[in-house]
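Structural description and commentary
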Amino acid sequence: ATHNFKAKALYGSQLESPVRTVRHLQKIIENFDKYPRMVMNGGGQIVTDHMTFFKTDANGGAFLDVFNINVPVYPGKIEKVAFHPNISWSGNARIRVELKRPCSRVSFWYSCFMVGTHAVKFYDVGGSHIDTKTLSLGAQANQIDISSPQISKIYIECGEQNGDTHPYRNSGFLDNFILYI
């Protein structure tokens, strides 16, 4: 919500300040915990209350599911149900995330991108590229946090297959999206 206000002196010449605008941001947490297991294959989608995931490549699938019990749990960051962008570990997964309302800030946690090169790209409502963040490799939890007016789309690009050099390969998990509207 946007609020405009100005101050007026109670004494003397009763001068008034210029109008000031304050915008109250609504914070929405999308941690996926309330959703059942959902799977999407190439061309498919997963719909949540605040975003829609689209699988834009034909390799394997992606899903919302209970976080893998064989990897570390990070309370408040990655836990319970998480988004897994690449079921088959075949690499080159491409996911488009459309936010249901434009946001001024978006953050989320990720972990277990073990090999390969992975990136997350942010776009505004007009389709202009805002920023690209490269995901760090490893099982530790890392956070992406970006602020920009009118963030509306996020593209998740998983790197190509790098063999079976690690049991989690290059799949990864994303969780606890915080959207500021």
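Worth saying up front: this structure is predicted, and the values here are computed from it rather than measured.

1. Observations concerning the overall build of the protein chain
For the protein chain, the count of helices and strands is zero helices and 13 strands. Taken from the N to the C terminus, the helices and strands of the protein chain come in the order β-β-β-β-β-β-β-β-β-β-β-β-β. Each of the 181 residues in the protein chain was classed as buried or not, and the buried ones make up 44%. Pairs at least 24 residues apart make up 67% of the contacts formed inside the protein chain by residues separated by at least 6 positions.

2. Some points on the packing of aromatic side chains
Two aromatic rings, taken as a pair, are described by how far apart their centres are and by the angle between their planes. One pass over the structure, following the stated rule, counts seven aromatic pairs. Ring geometry for Phe108 versus Phe177: centroids 4.7 Å apart, planes at 20°, classification stacked. One end of the pair, Phe108, is in strand S9 (residues 94–111); the other, Phe177, is in strand S13 (residues 173–180), with 69 residues separating them in the sequence. Per residue, the accessibility class of Phe108 equals that of Phe177, and both read buried. One aromatic cluster is present, built from ring pairs that chain together Phe32, Phe53, Phe83, Phe108 and Phe177. Across from the ring centre of Phe63, 4.8 Å away, lies the NZ or CZ of Arg37, which sits over that ring. The lysine or arginine in question, Arg96, covers the ring of Phe54, its NZ or CZ lying 4.3 Å from the ring centre.

3. Considerations on the pairing of strand S7 (residues 61–66)
The buried fraction of S7 is high, at five of six residues. As paired elements, strand S4 (residues 38–41) and S7 share four bridges and run antiparallel to each other. Among the inter-strand pairings, Asn41 is bridged to a residue of S7, identified as Gly61. Relative to strand S8 (residues 81–84), S7 is paired through four bridges, and the arrangement is antiparallel. Along S8, the bridge assignment pairs Phe63 with His84.

4. Section: the pairing of strand S6 (residues 51–55)
When you tally the buried positions in S6, you get five out of five residues, the bulk of the element. Covered by surrounding structure in S6 are Met51, Phe53 and Lys55 together with Thr52 and Phe54, the residues of both alternating faces. As defined by bridge partners, strand S5 (residues 45–47) adjoins S6 across three bridges and the pair is classed as antiparallel. Its bridge partner being in S6, Val47 is matched across the sheet by Thr52. In this structure, the hairpin formed by S5 and S6 is closed by a connection of three residues.

5. A word on the environment of Phe67
Mapped onto the secondary structure, Phe67 falls in the loop between S7 and S8. Spatially, the C-alpha atoms of Phe67 and Ile78 are 7.7 Å apart, while their sequence positions differ by eleven residues. Leave out the neighbours within four places in its chain, and Phe67 touches Pro72, Val73, Ile78, Glu79, Lys80, Val81, Ala82, Ser111 and Phe173.

6. What to know about unusual backbone geometry
Despite not being glycine, Phe32 has its phi angle at roughly 70°, a positive value. Relative to the elements of secondary structure, Phe32 occurs in the loop between strand S3 (27–30) and S4.

7. Some words on the pattern of salt bridges
Per the stated rule, a full pass over the model turns up eight salt bridges. One salt bridge in this structure joins Lys55 and Asp57, with 2.9 Å as the shortest N-O distance. Here Lys55 and Asp57 have matching classes, each one buried. Residues Arg105 and Asp145 are paired through a salt bridge, measuring 2.6 Å at the closest nitrogen-oxygen approach. Within this pair, whereas Arg105 is found in strand S9, its partner Asp145 is found in strand S12 (residues 142–157), the two being separated by 40 residues in sequence. Residue classification places Arg105 among the partly exposed residues on the basis of a relative accessible area of 29%.

Criteria and cut-off values
Residues numbered from 1 in each chain as written. Predicted model: local features only at pLDDT ≥ 70, side-chain atom pairs only at ≥ 80, totals over all residues. Heavy atoms only, no water. Helix = DSSP H or I, 4+ residues; strand = E, 2+ residues; numbered from the N terminus. Buried < 20%, exposed > 50% of the residue type's maximum accessible area, 1.4 Å probe, protein only. Contact = heavy atoms within 4.5 Å. Phe/Tyr/Trp six-rings, centres within 6.5 Å; stacked < 30°, edge-to-face > 60°. Lys NZ or Arg CZ within 6 Å of the ring centre and 35° of its normal. Pairing = 2+ DSSP bridges. Salt bridge = Lys/Arg side-chain N within 4 Å of Asp/Glu carboxyl O.

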